[in-house]
Each structure stands twice: as C-alpha cells, then as structure tokens.
Amino acid sequence: MRPTGEVILDLRNISLAFGGVKALTDISFDVREHEIRAIIGPNGAGKSSMLNVINGVYRPQQGEIVFRGEHRRNMNTYQAAKSGIARTFQNIALFRGMTVLDNIMTGRNLKMHCNLLQQALYWGAAQREELEHRRIVEEVIDFLEIQYIRKTPVGRLPYGLQKRVELGRALAAEPSILLLDEPMAGMNTEEKQDMCRFILDVNDEFGTTIVLIEHDMGVVMDISDRVVVLDYGRKIGDGAPADIRNSQDVIDAYLGVAH
Amino acid sequence: MDAQFFFEVLLGGLLSGVMYSLVALGYVLIYKASGVFNFAQGSMVFFAALTTVGIHDMGVSLWLAVPLTMIVMIALGLAIEKFVLRPLVAQPEITLFMATIGLAFFVEGLAQAIWGAAVHPLELGIEDVPIQSVMDSTGIAISQFDLVAAGIAAALVTALAIFFSKTRIGRALRAVADDHQAALSVGIPLQQIWGIVWAVAGFVALVAGLLWGARNGVEFSLTFLALKALPVLILGGFTSIPGAIVGGLIIGASEKLAEVYIGPHVGGGVEGWFPYLLALLFLLVRPEGLFGERIIRRI
C-alpha cells in the first residue's frame, strides 16, 4: 500500500436532492493526499452526483466540504479548477472540433497569465508563454503515448483514445486532485490495462491524489487504496478493498446482485 | 472579350469581396465562441457607422470620432452579452437566434433614435479613384479606395486568425464554443470569454461600418449588407475565419463576373441573386462550407 498523507478533502454529511429525488443522503468520507480513492456502487447510486458536488457542478442542500483546511458550503466549478481540482467526464466532454494538442493546451488555461492586449499582438511575452506551456503539454502527450495523434481533431478518434486525451487535458492543469468518472468505461482489456498503468503512474510520479468512479471490480480492487460504496444515495461501505470485498452489506447491495 | 477587361472585373470583384468578408467575420467570431448566429451583426455595422458620423458631425475630428465609437461599440458588445445573452445561457440555439433578431431591431432603432434617420456621407480621406500608375502600365482600373479597404480587411483577418489559433484566449474561445461544461471544468471563465467576443465583434462591426459607410454612404441599407454575408458564410463555413475571407473573395468575384458575362443575356440584375444561387448549390455539395468544422457523426 502506498504511503498516504493528511486528509486533503473532507466531505461531511452531504445531502443533495433534485426536487423530490434524493440523489445523495448524508454522505461523509474523506480523501487523503496521494491516495487512490474509488467510489463504487450500482447504477444510479449517486456516484457521478458525488463527483459533481466535489467539482462544483451541483450544490448540495446540506453538508460541508473541507478542502485543504478551508470550509465551504459548496464548490464552484471555476474556483474548483483554480484550486487544483481537475476532472474527466463519464460521457467524454472534449472539445471535439479541436486537435488533441489544442484540447490539452486548454488544460493550461489557468496557468497562463498574459493579458488580452499582449495576446492580441502575439508579441514577446505572449509568444514565450505559449512556447513554454507547449513544452509541458508535449510532456503530457509523451507520457500518455499519444504523439502520433497530436494534430488529429478529437472527434475523429476512437472512444478509448478520447478518454486518454481527456485524461491528458486534466493532467495538463497539474491538479492536486484528479476526479475520474468511469475512466475505463467502454474499453477493451488492453485499453483498460493501459489506462490502469497511466493512473498508477500519475499517482506515483506526480503524487496526484485520485478519486475515481469505476464499474470494473477487478480494476477497483487492484489499484485503489480505499473504496467508498454508495447505494441509492447512501453510503453502505468505506474501507480498504479487502474489507469491502468481505462486507456483507456490500455483497448484498452490489456484488451479490451482480454475480 | 479581351483579357484586360476580364481581369479588371475580376479584381474589382475580389476587392469588393474582401469587404463582404469583413461583415462575415463578425458573424464567425460570435458563432465560433457561443454557437449563436448573431442576426444583429448587420445592425451593429449600421450602428457603428452612424455613431462615427454622428460624433464627427458634432465637430469632432475623425481621428477622435473613430476611437470614441470604438469605445461605444465595445461597451455595446459587453452590454449585449450581459443583458441579453447571459440570462439566456443554456437555452436552445433557436431561442438565442430569436433573441438576436429582436436585438437587431433594437440596435437599428437605437441608432436612429440617437442620430436620426438621414443619409450621411462619410469621408475617410481615401479617394475612390483608379490608381494612375497601374492604369498607365496595364490599362486596368483599380480603385484606390478598394485597395486600401482590402488591405485593412486582410490585416484584420490575419490578426484574428492568429489570435484564434495561437493564443490562450483564442483557444478558450473555441473551447467554450465546443462544450460549456468541459470549458468550466478546466477553469475557463465563460462570461469573460463571451464578453471579449462581443467586444471584438463590436470592433469588427466598426471597421466594416467605416469602410462600407465611406463607400455607399451611411444609411439604413447598411443593415442589408448582413444578408450578403450569408452566402459568404455558407461558402466559407460558419466557424472559419480564413473561410470568411475565401468565401468573400469567391462571392465578390463571381457576382461581378456573372453580372458582366451572364447579365446581358438575362436582362441584368444578376449581381443581386447570383451569390444566393451559388450558396444554395454549395449547400447541396458541402454543407459545412469550405473550411468549416466537418460535421462528424458516429452511427
């Protein structure tokens, strides 16, 4: 097991409802620095809603989010990005008309500081800044082994590669927490293995904390340090993969049904 | 038919085509960044030209009137974003389109309420006369004004094309156009980006208004220019800045050539409808335009 650090993100008693539909009910869990934290559960359990709360897309009606010691009622998407939370989406949200390179460059958006006038003139500082960030993006591209598709518009890529580009865009932001919503959905075994390797490498090399939602139990049990289990918007389990595997509640609600 | 005459018509057409591109550019900017077809772009051109002339008529020199109008246009652009489009975020495209139709009438009305509906001449100090040296050596008449106008338009288009493809804000603009949610998640501030786009569109409208106003006089019919931009957009693609230029050139050249060579056989007036026919044929063959983003569908 990896050495994990302090609690970096603490979710306390989060409840979220859409009208009368309760998506999340009184959920608490924490994420430690440098760990890989998985969220699992059957369809409709509230996993994606949970990520959307962390990243500020949804505002919970109740509860508190403590991120790096700062207490908040809810996050806001822009602020979340600014404070180092990057994410990928379940149904890939890439800029389809743009090339792989440009998509990943957008991940650098918050790190670039030249003003509108400098950029309009594309002179001196703006050009230097562009080149400097381009270098970092090329490193991300090398890391994900997608050099050969750098100039391809992402809309033309197969699904598995799009997922990888989306990961690249999130990585380019050098996030402290990376939220991955089903990073391996719809992939074949080989693609899944690649993705697992990238996730572990990111965690290892950059020390990035990772929160991921995944349906493939083999993957989850292999790569995660701790697992949260949701069912119908409630937390029914939280612990190391080995404990989760043996928990009767979890087996009943989830694994038991599936197998 | 001699080659010299052909070239004269062709060049004249290409130069006026650049002027069409200038109007089309305003549409492309806003469409690229927000997916909104801004029906009010023609009204903004009219508004800009009328404001410049209005300020100039008050005794202010043109050198001051133009920067003042620029400030007004940027303010107008920002106001439109804030009061019309921001409240309509996440509405279907057709709703936004309807809003810009309403906006078009509002902007036209506002311009005339402030400055009156009279026709004004606009004198930029560039004379619309053939360049003598070219005339002497080749016998082809090229208007000095057209050449200067084309130069300004080309410079503006080049600058915007680089801005869009090479800078952070340019990339953010394209990103926002593509997927709002994803753009937010990488920390692109939507409203700031839209503000910038509308301000830039206001600026482009000013340049188009000045050039067209100087050529045709500043009057209400400037708003109809907007309609001439449509075939340009269909040819060039709604999302491409180089496309707006190439589309403009094709439309400009082909309508003039059609007028001269087909016109006499069908009783003239070809210039008015030929671009639309061309656009229609083009839609059948290549609906995304020459340079537009290919429509990719997975089945």
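Coordinates for the structure precede this section.
Each residue is numbered by its place in its chain's sequence as written, counting from 1. Naming scheme: in the order in which they are written, chains are lettered from A and ligands are numbered from 1. Confidence filtering applies because this is a predicted model: local features only for residues at pLDDT of at least 70, side-chain atom pairs given and counted only at 80 or more, and all residues used for totals across whole chains, interfaces and linings.

Student: Explain the overall build of chain A to me, please; I cannot follow it from the model alone.
Tutor: The helix and strand labels rest on DSSP assignments: H or I over at least four residues marks a helix, E over at least two residues marks a strand, and numbering proceeds from the N terminus. For chain A, the count of helices and strands is ten helices and ten strands. Taking 2.2 N^0.38 as the reference for a compact globule, 259 residues should give roughly 18 Å; the C-alpha atoms of chain A span a radius of gyration of 19 Å, in line with that estimate. Overall, the C-alpha framework of chain A stretches about 60 × 40 × 40 Å when taken along its three principal axes. Neighbour density around each residue's C-beta defines its exposure: 20 or more other C-beta atoms within 10 Å make it buried, 12 or fewer make it exposed, and counts between make it partly exposed, where C-beta atoms are placed from the backbone. Residues classed as buried in chain A amount to 43% of the 259 residues present. C-alpha atoms define the radius of gyration in this analysis, and the globule rule sets the expected value at 2.2 Å times the number of residues to the power 0.38.

Student: What's the story with the overall build of chain B in this structure? I'm lost.
Tutor: A tally of regular secondary structure across chain B gives 13 helices and zero strands. Sequence-ordered secondary structure for chain B, helices as α and strands as β, is α-α-α-α-α-α-α-α-α-α-α-α-α. A compact globule built from 299 residues should have a C-alpha radius of gyration of about 19 Å, and chain B, at 20 Å, falls within 12% of that. With the C-alpha coordinates of chain B rotated into their principal frame, the extents come out at 60 × 60 × 35 Å. Across the 299 residues in chain B, those meeting the buried criterion constitute 48%. We call two residues in contact whenever the C-beta atoms placed from their backbones are within 7 Å. Nonlocal contacts in chain B, meaning residues at least 24 apart in sequence, comprise 75% of its contacts between residues at least 6 apart.

Student: I'm lost on unusual backbone geometry in this one. Help?
Tutor: Excluding glycine, residues mostly have negative phi values, and the peptide bonds linking residues are mostly trans. Residue and element names in this part refer to chain A. The phi torsion at Asn-13 lies on the positive side, around 50 degrees, for a residue other than glycine. Relative to the assigned elements, Asn-13 resides in strand β1 (residues 7-18). Residue Asn-13 is classed as exposed on the basis of its 12 C-beta neighbours within 10 Å. For Ile-92, which is not a glycine, the phi torsion comes out positive at approximately 20 degrees. Secondary-structure assignment places Ile-92 in the loop between β6 (85-87) and α3 (100-106). What makes Ile-92 partly exposed here is the crowd of 19 C-beta atoms within 10 Å.

Student: Mind showing me how you'd approach the pairing of β1 of chain A here?
Tutor: For a regular strand, side chains alternate in direction, first toward one face of the sheet and then toward the other. Residue and element names in this part refer to chain A. We call two strands paired when DSSP finds no fewer than two bridges between them. With eight bridges joining them, β1 and strand β2 (residues 21-32) adopt antiparallel strand pairing. Bridge pairing in β2 places Phe-18 opposite Val-21. With antiparallel pairing between neighbouring strands as the criterion, β1 and β2 make up a hairpin whose turn holds two residues, including Gly-19 at a positive phi of roughly 60 degrees. Bridge count for β1 against strand β4 (residues 62-67) is five bridges, and the pairing is antiparallel. Paired with Asp-10 across the two strands is Val-66, which belongs to β4.

Student: Looking at this structure, I do not really get the nonpolar core. What am I missing?
Tutor: Nonpolar side chains in soluble globular proteins tend to end up buried together. Residue and element names in this part refer to chain B. Connectivity within a nonpolar core runs through C-beta atoms within 7 Å, and the core itself is a set of buried Ala, Val, Leu, Ile, Met, Phe, Trp, Tyr and Cys residues. Formed by 155 residues in total, the largest nonpolar core has its most connected members in Ala-24, Leu-25, Val-45, Ala-49 and Val-197. With 18 residues, the top contributor of residues to this core is helix α9 (residues 190-216). The contact partners of Leu-25, leaving out residues within four places of it in the chain, are Val-157, Leu-160, Val-204, Ile-241 and Ala-244.

Student: Where do I start with the sheet that holds β6 of chain A in this structure?
Tutor: Think of a sheet as strands paired side by side through backbone hydrogen bonds, with each pair either parallel or antiparallel. Residues and elements named next belong to chain A. Taken in spatial order, the six strands of this open sheet run β6-β7-β8-β3-β9-β10, and their pairing is mixed. Looking at the sheet topology across the chains shown, the edges are occupied by β6 and β10 (234-239). Mean inter-strand twist for the sheet, computed between neighbouring axes without regard to direction, equals 15 degrees. Across five bridges, strand β7 (residues 177-181) lies against strand β8 (residues 209-213) in parallel orientation. Note that in β8 the partner of Asp-181 across the bridge is Ile-213. An axis is simply a line fitted to the C-alpha atoms; with a helix, the fit covers only the stretch in contact. Between two such axes, the angle follows the N-to-C directions and lies from 0 to 180 degrees.

Student: Can you help me understand the interface of chain B and chain A in this one?
Tutor: Residue-level contacts link 23 residues of chain B with 31 residues of chain A. Mapped onto the side of chain B that touches chain A, the elements with two or more residues apiece are α6 (144-166), α7 (168-178) and α8 (180-185) of chain B. Here the side of chain B that touches chain A takes seven residues from α7 of chain B, the largest share from any one element. Residue composition of the side of chain B that touches chain A, grouped by class: twelve nonpolar, four polar and seven charged. Here the term charged refers only to Asp, Glu, Lys and Arg, the term nonpolar to Ala, Val, Leu, Ile, Met, Phe, Trp, Tyr, Cys and Pro, and the term polar to all other amino acids, Gly among them.

Student: Mind showing me how you'd approach helix α5 (residues 125-143) of chain A here?
Tutor: Each α-helix winds once per 3.6 residues, and so residues spaced three or four apart point in a common direction. Residues and elements named next belong to chain A. Helix length check: α5, at 19 residues, gives a terminal C-alpha distance of 27 Å against a target of 27 Å (1.5 Å per residue), a fit within 8%. For α5, the full list of buried residues reads Ala-126, Val-137, Val-140 and Ile-141. Looking down the long axis of α5, one finds its buried residues gathered within 95 degrees of arc, a one-sided arrangement. Set apart from the buried face of α5 by more than 90 degrees, the exposed residues are Arg-128, Leu-131, Glu-132, Arg-135, Glu-139 and Asp-142. Glu-145 lies just past α5 and shows a positive phi near 55 degrees. Between the first and last residue of a helix there are one fewer steps than residues, each counted as 1.5 Å, and that sum is the expected span. Relevant arc is that of directions from the helix axis to the C-beta atoms, nothing else.

Student: Would you mind showing me how to read the packing of α6 of chain B against α7 of chain B here?
Tutor: If you want to describe how two helices pack, look at the angle between their axes and the distance between the axes. All names here are of chain B. Where α6 contacts α7, the two axes come as close as 5 Å, and the packing angle between them is 75 degrees. Considering the angle they form, α6 stands roughly perpendicular to α7. Judged by residue contacts, Phe-163, Phe-164, Ser-165 and Lys-166 of α6 engage Gly-170, Leu-173 and Arg-174 from α7. Any angle that falls under 35 degrees is termed roughly parallel, while one over 145 is termed roughly antiparallel, one within 65 to 115 roughly perpendicular, and all others oblique.

Student: What's the story with the pairing of β4 of chain A in this structure? I'm lost.
Tutor: Residues and elements named next belong to chain A. Note: β4 against strand β5 (residues 70-72), three bridges, orientation antiparallel. Bridge pairing links Val-66 to His-71 in β5. Here β4 folds back onto β5, and the loop between the two strands holds two residues, one of which, Arg-68, carries a positive phi near 50 degrees.

Student: Hey, could you run me through the sheet that holds β2 of chain A in this one?
Tutor: Residue and element names in this part refer to chain A. With respect to topology, four strands assemble into an open sheet ordered β2-β1-β4-β5, the strand pairing being antiparallel. The sheet terminates laterally at β2 and β5, the two strands that pair on one side only. Shown here is a sheet whose adjacent strand axes are inclined to one another by a mean of 15 degrees, direction ignored.

Student: Explain helix α2 (residues 41-57) of chain B to me, please; I cannot follow it from the model alone.
Tutor: Residue and element names in this part refer to chain B. With 17 residues, α2 extends 24 Å between its outermost C-alpha atoms, agreeing within 8% with the 24 Å of an ideal straight helix rising 1.5 Å per residue. Counting buried positions along α2 gives 14 out of 17 residues, so the element sits mostly inside the fold. At the exit of α2 stands Gly-59, carrying a positive phi of roughly 100 degrees.

Student: Would you explain the environment of Val-197 of chain B in this entry?
Tutor: Residues and elements named next belong to chain B. Position of Val-197 among the secondary structure elements: in helix α9. Counting along the chain gives 168 residues from Val-197 to Leu-29, while the straight-line C-alpha distance between them is 6.7 Å. Not counting the four nearest positions on each side in its chain, Val-197 is found in contact with Leu-29, Ile-30, Ala-33, Ser-34 and Leu-173.

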